[in-house]
Amino acid sequence: MALMRCEFDSEALGMSTSMTVILPQPDPARPTPADAGPPVLYLLHGLSDDDTAWTRQTAIERYVASLGLAVVMPQVGRSFYTDETHGNRYWTFLTDELPQVCRSFFRLSERREDTFVAGLSMGGYGAVKWALRQPERFAAAASLSGALNVAHRRHAPDRPLDPDVWHTVWGDAPTAGPDDDTVALVGRAGADTPPLYVACGTEDFLYDDNERFVAAARGRGVPVTVDFSPGDHDWPYWDATIRDVLAWLPLRTRPAAG
């Protein structure tokens, strides 16, 4: 594997930003078609993290080593992967600019069946929102302890969202709006919605929010794999659960068992 941190200029943000990237090295036992690069997982960080968090806090590089999978981890601050009302255009950066920049720097597959997105906490929210708003781009999406009910989280009695963060992202709007509310988005999901994986620890303060999202997804007939098991909102849980997510991803070629 190759591990690198890239500093680059973003037109969408109007400033320099960064991403951490894991790239698979060529494997003669698993050749890549000449017209396609390796599959790619966009792996999103949480509210208090940055693009290096996954590599510092988990063994993600080791977990993907045998999968031939590229992993792109962008830096988005505390933006909730949204074009902020009083800030930067992080949704535009994530969904328009980042994939183009990655393909210009690296040889990555552009096929839907080779493209995945996942994240933790705020990143779980971002991953699900991206998959629901642009389902044609992804073969699967996963949320680990995701903030999947932002409308409730704004004034939640247990650990409400920082009002300064809300103001920066959504201004004075009382709700996040239908295109930024994942419960509303899944409620109108179509037949092309990719399979979802929703994991949350039963001791996590976001557990009830995840339950509500899952109920809405099932009510709409969205294919969702649910992993509600003991765990809290912490890195030991995410380090363990990302391995389950990687095993669940519908990679077209996996190493032979044994």
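- As annotated in an unreviewed UniProt entry, the chain carries the name Esterase family protein and comes from Micromonospora humida.

1. Considering the pattern of salt bridges
Okay, so step 1: This structure, assessed with the given rule, holds 13 salt bridges.
Okay, so step 2: For the salt bridge of Arg5 with Glu7, the shortest nitrogen-to-oxygen distance reads 3.7 Å.
Okay, so step 3: By sharing partners, the salt bridges in this structure join Arg5, Glu7 and Asp51 into a single network.

2. Focus: the pairing of strand β5 (residues 115-120)
Okay, so step 1: Most of β5 is tucked away, with 6 of its 6 residues classed as buried.
Okay, so step 2: Side-chain alternation along β5 places Thr115, Val117 and Gly119 on one buried face and Phe116, Ala118 and Leu120 on a second face that is also buried.
Okay, so step 3: In terms of strand pairing, strand β3 (residues 40-44) meets β5 through 5 bridges, oriented parallel. Paired with Leu41 across the two strands is Phe116, which belongs to β5.
Okay, so step 4: Sheet topology note: the β5/strand β6 (residues 140-144) ladder contains 5 bridges and is parallel. Its bridge partner being in β6, Phe116 is matched across the sheet by Ala140.
Okay, so step 5: Taken together, β5, helix α4 (residues 122-133) and β6 constitute a β-α-β crossover, and its handedness is right-handed.

3. Focus on unusual backbone geometry
Okay, so step 1: For Tyr81, which is not a glycine, the phi torsion comes out positive at approximately 50°.
Okay, so step 2: Of note in this structure, Arg159 is not a glycine but carries a positive phi near 55°.
Okay, so step 3: In this structure, Arg159 sits in the loop between α5 (150-153) and α6 (163-170).

4. A word on the sheet that holds strand β1 (residues 2-10)
Okay, so step 1: Within the open sheet, the 8 strands sit side by side as β1-β2-β4-β3-β5-β6-β7-β8. Their pairing is mixed. Pairing within the sheet leaves two strands with one partner each, and these edge strands are β1 and β8 (224-229). Each neighbouring strand pair of the sheet contributes to a mean axis angle of 15°, computed without reference to strand direction.
Okay, so step 2: Of the strand pairs in this sheet, strand β2 (residues 15-23) and strand β4 (residues 70-74) are connected by 4 bridges, and their pairing is antiparallel. Among the inter-strand pairings, Val21 is bridged to a residue of β4, identified as Val72.
Okay, so step 3: Sheet contacts for helix α3 (residues 90-105): β1, β2, β3 and β4; angle to β1, the most-contacted strand, approximately 120°.
Okay, so step 4: Packing against the sheet, α4 makes contact with β3, β5 and β6, and its axis sits at approximately 150° to β5.

5. Points about the layout of surface pockets
Okay, so step 1: The volume enclosed by the second largest pocket comes to roughly 370 Å³.
Okay, so step 2: Along the wall of the second largest pocket there are 21 residues; nearest its centre are Leu47, Ser121, Arg159, Phe205 and His233.
Okay, so step 3: Of all the elements in the fold, those that place two or more residues in the lining of the second largest pocket are α5 and α9 (235-248).
Okay, so step 4: When grouped by side-chain class, the residues that make up the lining of the second largest pocket number 12 nonpolar, 4 polar and 5 charged.

How each quantity is defined
- Residues numbered from 1 in each chain as written.
- Predicted model: local features only at pLDDT ≥ 70, side-chain atom pairs only at ≥ 80, totals over all residues.
- Heavy atoms only, no water.
- Salt bridge = Lys/Arg side-chain N within 4 Å of Asp/Glu carboxyl O.
- Buried < 20%, exposed > 50% of the residue type's maximum accessible area, 1.4 Å probe, protein only.
- Helix = DSSP H or I, 4+ residues; strand = E, 2+ residues; numbered from the N terminus.
- Pairing = 2+ DSSP bridges.
- Right-handed = clockwise from strand over helix to strand, strands pointing away.
- Axes fitted to C-alpha atoms, helices over the stretch in contact; angles between N-to-C directions.
- Contact = heavy atoms within 4.5 Å.
- 1 Å grid on protein atoms, 1.4 Å probe; cavity = no way out; pocket = protein on both sides within 12 Å on 5 of 7 lines; lining within 4 Å.
- Points joined across faces, edges and corners; volume = space filled by probe spheres on them.
- Nonpolar A, V, L, I, M, F, W, Y, C, P; charged D, E, K, R; others polar.

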